[in-house]
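Understanding the architecture of this molecule
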Amino acid sequence: MSKKVIGILGGMGPLATADLFQKITLHTLASCDQEHPRVCIDSNTAIADRTAALLHGGADPRPEMIKSAKRLESIGADLLIMPCNTAHNFYDDVAASVNIPVLHMIALTRDALKSKGVKCAGLLATDGTVQTGIYQRTFSGSGIDLIVPDGDDQAAVMDIIYNGVKAGDMNHDASAFRKTCENLIERGAEVLILGCTELPPAFDIYYLDYPNVDPTLELALGAIRAAGCTVKE
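Presented here is an overview of the structure given in this document. Remember, predicted model here, so these are calculated numbers, not experimental data.

1. A word on the overall build of the protein
When helices and strands are counted, the protein shows 11 helices and seven strands. C-alpha extents for the protein along the principal axes are approximately 50 × 40 × 40 Å. A total of 233 residues make up the protein; the buried ones form 54% of that total. Relative to all contacts within the protein whose residues are 6 or more apart in sequence, the contacts with residues 24 or more apart total 74%. For the protein, the computed accessible surface area is about 10200 Å², with 49% contributed by carbon and sulfur atoms. Across the protein, the 20 positively charged side chains and the 29 negatively charged ones have centroids separated by 7 Å.

Structure below.
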């Protein structure tokens, strides 16, 4: 069976895009270059901020997202993936703009948690993801309860995302974010959902060690399988 070409609709943000590509590479069972999937990446940094658009009347990110989707399809992508949780609020518009499948990162994350038997998870995500309820809608009926951070704790999540990772501050003070993670676990979360694609890099950069599920990884694994390649066990 010939392999399918993966298209990454990226730039939301650039480090999250690189993280997804690396995870596809690291988790593909391959003994040579030719056994890896072909991947096309459009790291389109012109896409407007998704949280600003959803909550604060900011510029609409959809025109640039759709432009990237069409561009990737035109150069041969057989399926698309978007390394941005908040962007999945615009999933239907992007999927409708192309004639190839668009994998859904949040649905893949839900399925991974169900397979692990998780009953309660803490959601770490942008205000745009939390307040629009996209995780809650996608997880509805799954049997998994979602806990979200309270006011100051949610502010600490936004701080680590925007003033830490997106700002490129490798020495950012992560103490408030650590407290947020600990509070969610104390409230009953079995695992933390790294529901912003900046958070897996944040866990590496700031040496954070809490039980978690990584939606970027789940998207990478789903893309490897959809491309007709084998996931490394």
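Still more ground to cover, so stick around.
2. Observations regarding the packing of helix H5 (residues 105–115) against helix H11 (residues 215–226)
Contact geometry for H5 and H11: axes closest at 8 Å, N-to-C directions at 95 degrees. Comparing the axis directions of H5 and H11 gives the class roughly perpendicular. Seen from H5, the contacting residues are Met105, Leu108, Thr109 and Ala112; seen from H11, they are Pro215, Thr216, Glu218, Leu219 and Gly222. The class makeup of the residues in the contact of H5 with H11 is five nonpolar, three polar and one charged.

3. Focus: empty space enclosed by the protein
In this approach, a probe sized like a water molecule rolls over the atoms, and the result shows the empty space that is left. Applying the stated criterion to the full structure yields one cavity of 30 Å³ or more. Put simply, the largest cavity is a space of about 80 Å³. For the largest cavity, the lining is made up of 14 residues, of which Arg50, Cys84, Thr86, Thr126 and Cys196 are closest to its centre. Taken together, the elements giving at least two residues each to the lining of the largest cavity come down to helix H2 (50–56) and helix H8 (151–165). Of the residues that constitute the lining of the largest cavity, the class distribution is five nonpolar, five polar and four charged.

4. Some points on the sheet that holds strand E1 (residues 6–10)
Spatial ordering of the open sheet is given by E2-E1-E3, a layout of three strands whose pairing is parallel. Two strands lie at the open edges of the sheet, namely strand E2 (39–43) and strand E3 (79–81), each paired on one side alone. Strand-to-strand, the axes of this sheet are offset by a mean angle of 20 degrees, without reference to chain direction.

5. What about the state of the cysteines?
Within this structure, the stated rule accounts for zero disulfides. Sulfur of cysteine 32: no disulfide; nearest cysteine sulfur belongs to cysteine 229 and is 11 Å away.

6. A word on the pairing of E1
A large share of E1 lies buried, amounting to five of its five residues. Judged by which residues are buried, E1 turns out to be covered on both faces: Ile6, Ile8 and Gly10 on one side and Gly7 and Leu9 on the other are all buried. Regarding topology, helix H1 (residues 14–26) serves as the crossover connection from E1 to the parallel E2, and that connection is right-handed.

7. A closer look at the pattern of salt bridges
What the rule picks out here adds up to 10 salt bridges. Between aspartate 19 and lysine 23 there is a salt bridge, with the nearest N and O atoms lying 2.9 Å from each other. You can see aspartate 19 and its partner lysine 23 sitting in helix H1, four residues apart, about one turn around the helix. Between aspartate 111 and arginine 110 there is a salt bridge; the shortest N-O distance is 3.0 Å. Relative accessible area serves as the criterion here: at 38%, aspartate 111 is assigned to the partly exposed category.

8. Brief notes about the pairing of E2
Of the strand pairs in this sheet, E1 and E2 are connected by five bridges, and their pairing is parallel. From the neighbouring strand, glycine 10 faces E2, where its bridge partner is serine 43.

9. Comments concerning the packing of H8 against helix H9 (residues 175–186)
Where H8 contacts H9, the axes come no closer than 8 Å and their chain directions differ by 130 degrees. In terms of their interaxial angle, H8 and H9 are classed as oblique. Crossing of H8 over H9 shows left-handed handedness. For the pair H8 and H9, the contacting residues are Asp153, Ala156, Val157 and Ile160 in the first and Ala176, Phe177, Thr180 and Asn183 in the second. When the residues that make up the contact of H8 with H9 are grouped by side-chain class, the tally is five nonpolar, two polar and one charged.

Conventions adopted
- Residues numbered from 1 in each chain as written.
- Predicted model: local features only at pLDDT ≥ 70, side-chain atom pairs only at ≥ 80, totals over all residues.
- Heavy atoms only, no water.
- Helix = DSSP H or I, 4+ residues; strand = E, 2+ residues; numbered from the N terminus.
- Buried < 20%, exposed > 50% of the residue type's maximum accessible area, 1.4 Å probe, protein only.
- Contact = heavy atoms within 4.5 Å.
- Areas by Shrake-Rupley, 256 points an atom, 1.4 Å probe, with all protein chains shown as cover.
- Lys, Arg positive; Asp, Glu negative; His and termini not counted.
- Charge placed at Lys NZ, Arg CZ, Asp CG, Glu CD.
- Axes fitted to C-alpha atoms, helices over the stretch in contact; angles between N-to-C directions.
- Parallel < 35°, antiparallel > 145°, perpendicular 65-115°, else oblique.
- Nonpolar A, V, L, I, M, F, W, Y, C, P; charged D, E, K, R; others polar.
- 1 Å grid on protein atoms, 1.4 Å probe; cavity = no way out; pocket = protein on both sides within 12 Å on 5 of 7 lines; lining within 4 Å.
- Points joined across faces, edges and corners; volume = space filled by probe spheres on them.
- Pairing = 2+ DSSP bridges.
- Disulfide = S-S within 2.5 Å.
- Right-handed = clockwise from strand over helix to strand, strands pointing away.
- Salt bridge = Lys/Arg side-chain N within 4 Å of Asp/Glu carboxyl O.
- Left-handed = near helix turned anticlockwise from the far one by under 90°.

Any functional reading would require information beyond the geometric quantities listed.
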